[in-house]
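Chains, contacts and geometry: an overview
As a plain string of letters, each chain reads:
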Amino acid sequence: MRSQSRGWVRLASADPADAPRIRFNYMSHPDDWTAMRAAVRLTREIFAQPAFDRYRGREIQPGDMVRTDAEIDAFLREKSRAPTIHAVLAGWGARRRARRRPPLSSSHQ
């Protein structure tokens, strides 16, 4: 999927050590919702093929009861929240912490 949504990254201040301001803007374009609904339906179609019969159990997520566009949207909205954003932000935090550590001493000195 090539998302049509666009977020941004901006400086929070003139201090380069300050974390940037980030707006992910996930799923802000209607075409993204259309593509994600299609992906859910295509995944279901693929796993419904006879080749998967011996491996397939019940659908775990979004679940058999999720069928309409509105139900799929609600599932996507719920699942696209904090964990994804938290993982990205945790990466930024790790990067900032690494910058604060003193450099390793060289064994060639």
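Note that this is a predicted model, so its numbers are computed, not measured.

Reading the values: the criteria
- Residues numbered from 1 in each chain as written.
- Predicted model: local features only at pLDDT ≥ 70, side-chain atom pairs only at ≥ 80, totals over all residues.
- Heavy atoms only, no water.
- Helix = DSSP H or I, 4+ residues; strand = E, 2+ residues; numbered from the N terminus.
- Buried < 20%, exposed > 50% of the residue type's maximum accessible area, 1.4 Å probe, protein only.
- Contact = heavy atoms within 4.5 Å.
- Areas by Shrake-Rupley, 256 points an atom, 1.4 Å probe, with all protein chains shown as cover.
- Core = buried A, V, L, I, M, F, W, Y, C linked by side-chain atoms within 4.5 Å.
- Axes fitted to C-alpha atoms, helices over the stretch in contact; angles between N-to-C directions.
- Parallel < 35°, antiparallel > 145°, perpendicular 65-115°, else oblique.
- pLDDT = per-residue confidence, 0-100.
- Polar contact = N/O pair within 3.5 Å; in protein donor to acceptor, adjacent residues only side chain to side chain.
- Salt bridge = Lys/Arg side-chain N within 4 Å of Asp/Glu carboxyl O.

**Topic: the overall build of the chain**
Of regular secondary structure, the chain possesses 3 helices and 2 strands. In sequence order, the secondary structure elements of the chain are arranged as β-β-α-α-α. Here the chain holds 109 residues, and the buried ones make up 14% of them. For the chain, restricting intrachain contacts to residue pairs at least 6 apart in sequence, the fraction spanning at least 24 positions comes to 50%. Carbon and sulfur atoms make up 57% of the accessible area of the chain, which amounts to about 8,900 Å² in all.

**A word on the nonpolar core**
For soluble globular proteins, the rule of thumb is that nonpolar side chains tend to be buried together. Counting residues in hydrophobic clusters, the biggest one holds 7 residues: Met 27, Trp 33, Val 40, Val 66, Ile 72, Phe 75 and Leu 76. Put simply, the parts of the chain that give this core at least two residues each are helix H1 (30-47) and helix H2 (69-79). The leading source of residues in this core is H2, at 3 residues.

**What about the packing of H1 against H2?**
Between H1 and H2, the least distance of the axes is 10 Å, while the angle of their chain directions is 100°. Compared by their axis directions, H1 and H2 come out roughly perpendicular. Facing Trp 33, Met 36, Arg 37, Val 40, Arg 41 and Arg 44 of H1, the residues of H2 in contact are Asp 69, Ile 72, Asp 73, Leu 76 and Arg 77.

**Looking at the confidence of the model for the chain**
Note: predicted coordinates in regions of low pLDDT should not be interpreted at a detailed level. Across the chain, the average pLDDT comes to 81, with 73% of residues at or above 70. Helix H3 (residues 82-100) is the least confidently modelled element of the chain, averaging 50 in pLDDT, while H1 averages 94, the highest of any element.

**Here's the deal with the side chain of Arg 37**
Mapped onto the fold, Arg 37 is located in helix H1. Taking relative accessible area as the criterion, Arg 37 reaches 13% and is therefore assigned buried. Side-chain polar atoms of Arg 37 contact the side chain of Asp 73, separated by 2.7 Å. Setting aside its immediate chain neighbours within four residues, Arg 37 contacts Asp 69, Ile 72, Asp 73 and Leu 76.

**Looking at the pattern of salt bridges**
With the rule as written, the count across this model stands at 5 salt bridges. Its salt-bridge partner being Arg 44, residue Glu 59 comes within 2.8 Å of it at the nearest N-O pair. Highlighted residues: Glu 59 in the loop between H1 and H2 and Arg 44 in helix H1, separated in sequence by 15 residues. Between Asp 53 and Arg 56 there is a salt bridge; the shortest N-O distance is 2.3 Å. Judged by relative accessible area, which is 42%, Asp 53 ranks as partly exposed. By relative accessible area, Arg 56 is classed as partly exposed at 36%. The structure contains a network of salt bridges with shared partners spanning Arg 37, Arg 41, Asp 69 and Asp 73.

**Focus: unusual backbone geometry**
Along the chain, Gln 61 connects to Pro 62 via a cis peptide bond; the corresponding omega equals 5°. Relative to the helices and strands, Pro 62 is located in the loop between H1 and H2. Phi is positive for Asn 25, which is not a glycine, with a value near 60°. Among the structural elements, Asn 25 can be located in the loop between strand S2 (21-23) and H1. Owing to a relative accessible area of 23%, Asn 25 belongs among the partly exposed residues under this scheme. Positive phi values are uncommon outside glycine, yet Met 27 reaches one of about 55°. Considering the arrangement of structural elements, one finds Met 27 in the loop between S2 and H1.

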